[in-house]
Every structure is written in C-alpha cells, then in structure tokens.
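Reading the structure
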Amino acid sequence: MLSIKNLHAGIAGKEILNGINLEIKAGEVHAIMGPNGSGKSTLSSVLAGRSDYNVTEGDVTFNGKNLLEMSPEDRAREGLFLAFQYPIEIPGVSTINFLKTAINELRAYKKLPPMEAKDFLKLVKEKQALVELTTNLANRAINEGFSGGEKKRNEVFQMAMLEPTLAILDETDSGLDIDALKIVANGVNKLRGKERSFVIITHYQRLLEYIVPDFVHVLFNGKIVKSGGKELALELEAKGYDWIKQQELAMGS
Amino acid sequence: MTTVEKISATENLVSEFQKTKASLKGFAVLREKAIIEFERIGIPNRKNEEWKYSDASALFKEELQVLGSKFQMKKEDVAKFLVPDLNASIVVLVNGIYSEEHSSLKNISKGVIVSSFSKALNENTKAFSEHFTKYADITSDAFTALNTAFASDGVFISVPDNTVVEFPVHIINIISAKGDQGGLLVQPRFLFVIGGNAELKIIESFDTLNSSTKTICNSVTEISVGENAKVQYYKLQNDCAGIHLISTVTAHQQKNSHFDTNTVTLNGDWIRNNLSILVDAEHCESHLNGLFITRGTQHVDNHTLVDHRKPNCQSNQLYKGILDEKSTGIFNGKIFVKRDAQKTNAYQSSKNILLSDDATINTKPQLEIYADDVKCSHGSTTGQLNEEAMFYLRSRGLSEDSAKNLLLFAFAGDVIQKIQIEPLRIYLEELVNERLKK
C-alpha cells in the first residue's frame, strides 16, 4: 500500500529525514516512536504534502502511484488521511459544510454522484457516536472553542467520515487525559480492518496499550534505527530513548 | 497640469449651474450658496488629504451632462434588482428621477410619507425644512455642495413619532446612459426623517442598466434618527458595473437611538462611500459594518466618521475587504470623542485579505479623543489567506479553490451575519458566494 524508499527531506535547507525505508501493507498498524526532534512530525508532514517541506531524495509510492507528485487534496482523494497533532481552529467555516464539500469532492474523484443530504446527516450522527462527540456540529465552526480532547476526537470523527485506506495519526495522544485517550483509541480500533492501514506516531508507549500495533519502529536522527513487534514499545518504555541514543553513538564510533 | 484640470472641471459645472438654475425648483438662495462653496473647494484631487488615494478630479476630465435624462424601462428590468423573498416597499429612481410607475409602496401606515424628493421640495413641509441640509455639510465637502446646488429629485421619507414601519423600503437607483449621450452626472438626494420611538429599515441599491457610457453618480443622503428610534440602513453596490459613485451619507442620532448600517460593495468601477454618524445625544448605539470584494481595476474607498459629541454612547465598526487582481481598497475611519463625551465606547476594526500581489489596500484609522474617561480601540490587519487553514482543508480532499472559497466566505461572513433582514442576508450570502467563485 505505502512504500517509502530512502526518503530524505527537510525544511528551510535543513535536512531532517536521512533515508527512511518503510513498507506498509493493507490492514497493518505501524507505530513510529522516537524522541523529540527525531523527525516524526516531518515524516507525517511530508506524507500529507505540506508545501514548506522539501524532499531531496527518495521515493514514496501509495497504491502504486507516486505520492510525492500529488497535491495534498489528491493524496486525500487517493485514501490518505492525516490526523493533525495540533488541529487548528477555523472560525466561520461550519464543520458540516466543510465535511459535505470534502466527501463530495472525494466522491467526484471516484466518479460517484454527490451524497444525498439525508444519507450524509445519518452518517454524521453514526460517526459522531463512534468518538462520543456530542456537540451539535451543524452550528459549529471547525474546532472553534473545542477543548484539546474534542479537537482530537473531531480528527478521528473526520477520519471515520472520509474512510481513508491509510490513516496517519500524528501524536494524537498528546494533551489527552486517560478518558479521552480511551475514547480516541476505541474510535480508531473500530475503524481497523483488512483494507485499512494505520501509522501511529507517538512519543509515549501509553497509546499503544489501547491501539495495539503490528509493528513498532524507532526513529532517531531522521532514520529508522530499530524495528520490531509490539514488545519493542514496552522495551522503549522501560529503558527510555537514551538506550537507543547510546546504541547509535556506539555504532557511529 | 492638475490645477488646470481642476479649475476647468469645477468651472464647467459652475457654468452648467448658471445655465440650468432657472429650471431648478425652490431653495434658490441655498443653491447659490452651495455653488459658491463648491467653486471655492473645487473638485478634490490627490493633494487633498481626504482624497489622497481617490483622485476624484480624474473622473471629471470629460464633459458631463448634468440634467438627468429619462429613458424607457420595462417592469422586468426592475425585477432583476429585487431582493428575492423580501416583502418590501419598492422605490425606483431612474437616473436620479423618482419613477411613480415602477415604485410600489406596501402597507405604509398613516402619517408615513414616502415620496419623491421633487414633491418634497415643492411642498417644503415642516418635517422637510427642519432637516434638509442640516446634517450634510456644504462648507467642507465639494460633492455635498455640488449635489445641494443641483438637487431636484430623489426620495423623501418621513416617519412620525411612535410609528414602526413594518416592511423595509428598498430604494433602487437605476442608472443608464447610452454612448451617444456623452458622460452623465446623476445627483439623487435623499432625506429620511425618523421620529421618536419610530422604526425604519432602508435598503439602498445602486444598479446600472444597459449602460454604455461613463456615468458618475453623486448621491447625498441625510438621515435624522429621533429619540429612542431604531434605524437600519443597508447600502448595496452589486449590479453596478461601470459606475463611478460618490455616495455621502450623514446620520444624526438623538437620545437613546440605534443606528445600524452595512455597506456591501461587490461591483462598480470607482466607488467612494462617505459615512458620517453624528452622535448628538446620550445613550446612543451605532453599528457601522462594511464589506468590499474587488477585482480587475476596481477602486473602492470607504471613509467613515463617528463623531461622539455626548456621553454614554457606544459605536462599533467592522470593515472587511477582499481584494484581487489590480484592484484598490481604502478604509479611512475617523472617530472623534469630544470633551463632553465621557464614558464613550468606540471600537473600530478593519481587516483585509489581498489575493494578488498587484492589489492594494490603504487603511488609516484616525482617533481624536478629547474626553478622558472613554474606551476606544482600533485595529487593522492585512494579510493573505491562512496557509495552515488552507492545508488543513486540502488535506481532507478539498480542492485549492474550494478551500479558498470556504475561507473567504467565512471571512466575509462576519459582516454579512450582522444584516438583520433575513431575506437580504440570505441573498447577500448567495451573492458573496457566487462572487467569490468567479
């Protein structure tokens, strides 16, 4: 589904990713962990198509197509979804209007007719329940006045609405208390399936207790330095990132 | 060179006045006084601080016909300028002349007068003479003086005390000039007198119809808002491609009164809106809102003045501009707080988005505060579309255009939401949405 080969990328002339290799198959859940500044958010930004990042080397293919050549909207239309670490507030833009536009543009891309208003509202209700988002979104601007937890739940709600094939969760656990974390994780787990893959980017192991990954990768200095199963996350939790740093330094010397 | 042009255009209009004054009814002394003031001030050019960014003298380079010419119009022609689903009294002016044929008044209560200005000039009732030229200042503004000298038609509305006019009055200014007629100068005049405890809603739109030559419309409006009265005044500049418009509105507020106004400009070649609120008694509220969306080489200039003369009043201003291509926008907002006007709350905000490198916006807040116990603030921002918001929307599958439209519509929506007449608000939402898509 997603194939990242020797990806080098940076921002403002500074290289942050130093050759990432990663293969993700349909239905898999990959966790990417790493200390601050290791390049986790750069990776998600580059995959979603944020224009201020430059790719200097390497390839990324998504369902056999060159992802890096696509606009952010075409990546979304191809089935990619990024749940933002800091979802922004957009005053004046109604969540419902925005989602209706998004869904219908996704459908148009797949040559499907626009969704009926009735079906759309039914879908909204159903997916809101998934993340226990009780706010009446019809009159609310995107994330305006939302708490941190509501913003993250809104991201998962949008994910559920748009039904991506690959979802990247960028530090979705940051700033969440344990109850909100459980709700978000529960929402994500309900969306897991044979055709849908996830990349969970996180600093802490805590989220992975609730969303159990198939693979765990450790990112350090812009490279994946260690990969393993879910037990790797526990090992990291126990030993801390210094363990990785020392290993790397030892190898480098 | 500019001096020569200024003198000649001004002198041309003065001599036009001398030729035509015999046909102008009533107020001969006032007209003479006004034309002297006009000649003294002259048509302003860029050297005049108030007209620094809007060179009015450039509009008057060619000869203009000053007497409104009549032309035939069909009922359907008016229909396209109506606000859908709005129950309103319709008043139609054709090149500044009141058209009985196309106007239709609705449920006008007893004592309320909605008439042509020429009739009001003739009858010169007490309600008329007590207010005419009392607020618009012929000694400081050339165009007010010019309009006053020539004033022959327009609309007069008088609402007696304790009267609520249920349906809004929609004044449609239709302007049309054919190529063989040369340039046309239209000068409608408006006087709205709203009595104590009375309420009135006015919509004024400027529209061009099959116009193929240059037209300048120099309109002057005076509004007297009585004690405890509530007045809403909406100015809509949409179907007016090709127009050069100088529109001067002066509202005078008495005790406990509310005056709400919203100026929406979506089309028009060259527009100058002067809006002055004279807050002349205690406990008044004034809300001034404006939105302009420009493109091509459009030029839209909004000058506001809120003159707080008495204590315990509140004024709020929100003006927003979206400027594309090579268009120019100006917002100049003056607030005076006179020495007596303690406990004044006066706020002003001007926000603008530039969509092109060639678009220009000039904003200038001017606060002059002589009282010491007041709350006043002003803010002005100019920027591009929020990149983060654009990326967020696009990452959900919205095209760049859709994302841009949603954000611009939200930006403009702040102003449109303040419109209190629902069908008008819905209509403007649609117009703005359509306009942003193009």
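Scroll up to find the structure.
Residues numbered from 1 in each chain as written. Chains lettered and ligands numbered in written order. Predicted model: local features only at pLDDT ≥ 70, side-chain atom pairs only at ≥ 80, totals over all residues. Heavy atoms only, no water.

The next point concerns the overall build of chain A. Regarding its fold elements, chain A presents nine helices and twelve strands. Here the C-alpha radius of gyration of chain A, 18 Å, is about what a compact globule of 253 residues would show, namely 18 Å. Once the C-alpha set of chain A is aligned to its principal axes, its extents read approximately 65 × 40 × 35 Å. When each of the 253 residues of chain A is scored for burial, the buried share is 54%. In chain A, once contacts between residues fewer than 6 apart in sequence are set aside, the share between residues at least 24 apart is 69%. (Helix = DSSP H or I, 4+ residues; strand = E, 2+ residues; numbered from the N terminus. Rg over C-alpha atoms; globule rule 2.2 N^0.38 Å. Buried < 20%, exposed > 50% of the residue type's maximum accessible area, 1.4 Å probe, protein only. Contact = heavy atoms within 4.5 Å.)

Here we come to the packing of helix α2 (residues 28-41) of chain B against helix α6 (residues 142-150) of chain B. All names here are of chain B. Contact pair α2 / α6: the axes reach a minimum separation of 8 Å and the direction vectors enclose 150 degrees. Judged on the interaxial angle alone, α6 and α2 are roughly antiparallel. The two elements α2 and α6 cross, and the hand of that crossing is left-handed. Note on element contacts: α6 touches α2 through Ala142, Ala145, Leu146, Thr148, Ala149 and Phe150, opposite Leu30, Arg31, Ala34, Ile35, Glu37, Phe38 and Ile41. Residue composition of the contact of α2 with α6, by class: ten nonpolar, one polar and two charged. (Axes fitted to C-alpha atoms, helices over the stretch in contact; angles between N-to-C directions. Parallel < 35°, antiparallel > 145°, perpendicular 65-115°, else oblique. Left-handed = near helix turned anticlockwise from the far one by under 90°. Nonpolar A, V, L, I, M, F, W, Y, C, P; charged D, E, K, R; others polar.)

Now for the side chain of aspartate 141 of chain B. Residue position: aspartate 141 of chain B is located in the loop between α5 (126-129) and α6. Setting aside chain neighbours within four positions, we find aspartate 141 of chain B in contact with Ile41, Trp51 and Thr248 of chain B.

Next up on the list: the sheet that holds strand β9 (residues 166-170) of chain A. All names here are of chain A. In space, the six strands of this open sheet follow the order β6-β9-β10-β3-β11-β12, with mixed pairing throughout. Bordering the open sheet on either side are β6 (80-83) and β12 (223-228), each of which pairs with just one other strand. With strand direction ignored, the average angle separating the axes of adjacent strands in the sheet is 20 degrees. The sheet contact formed by β9 and strand β10 (residues 197-202) spans five bridges and is parallel. The residue bridging leucine 166 from the neighbouring strand is serine 197, located in β10. (Pairing = 2+ DSSP bridges.)

All names here are of chain B. Taken as a whole, this structure holds 15 aromatic pairs over all chains when the rule is applied. Ring centres 5.3 Å apart and planes at 65 degrees place the aromatic pair phenylalanine 117 and phenylalanine 128 in the edge-to-face group. Here phenylalanine 117, found in helix α4 (residues 117-123), pairs with phenylalanine 128, found in helix α5; they are eleven residues apart in sequence, far enough to count as distant. The same class applies to phenylalanine 117 and to phenylalanine 128, which are both buried. An aromatic cluster is built from Phe27, Phe117, Phe128, Phe132 and Phe156, whose rings are joined through pairwise contacts. Between lysine 320 and the ring centre of phenylalanine 411, over which it is positioned, the NZ or CZ distance is 4.2 Å. The ring of tyrosine 392 has arginine 396 lying over it, and the distance from NZ or CZ to the ring centre is 4.6 Å. (Phe/Tyr/Trp six-rings, centres within 6.5 Å; stacked < 30°, edge-to-face > 60°. Lys NZ or Arg CZ within 6 Å of the ring centre and 35° of its normal.)

A few words now on helix α7 (residues 387-394) of chain B. All names here are of chain B. A large share of α7 lies buried, amounting to six of its eight residues. Within α7, the full set of buried residues consists of Ala389, Met390, Phe391, Tyr392, Leu393 and Arg394. For α7, the N-terminal capping position is held by asparagine 386, with its side-chain oxygen 2.9 Å away from the main-chain nitrogen of glutamate 388. (Polar contact = N/O pair within 3.5 Å; in protein donor to acceptor, adjacent residues only side chain to side chain.)

Bringing the nonpolar core into the picture now. In summary, soluble globular proteins display a tendency toward joint burial of nonpolar side chains. Leu2, Ile4, Ile90, Phe98 and Phe198 of chain A together with Leu393 of chain B are the most contacted members of the largest nonpolar core, which has 124 residues in total. Ranked by residues supplied to this core, first place goes to helix α8 (residues 400-416) of chain B with nine residues. The residues touching isoleucine 90 of chain A, leaving out its near neighbours within four places in the chain, are Ala141 and Ile142 of chain A together with Ala389, Tyr392, Leu393 and Leu407 of chain B. Counting 34 residues, the second largest nonpolar core, distinct from the first, contains Tyr98, Ile157, Ile171 and Phe192 of chain B. (Core = buried A, V, L, I, M, F, W, Y, C linked by side-chain atoms within 4.5 Å.)

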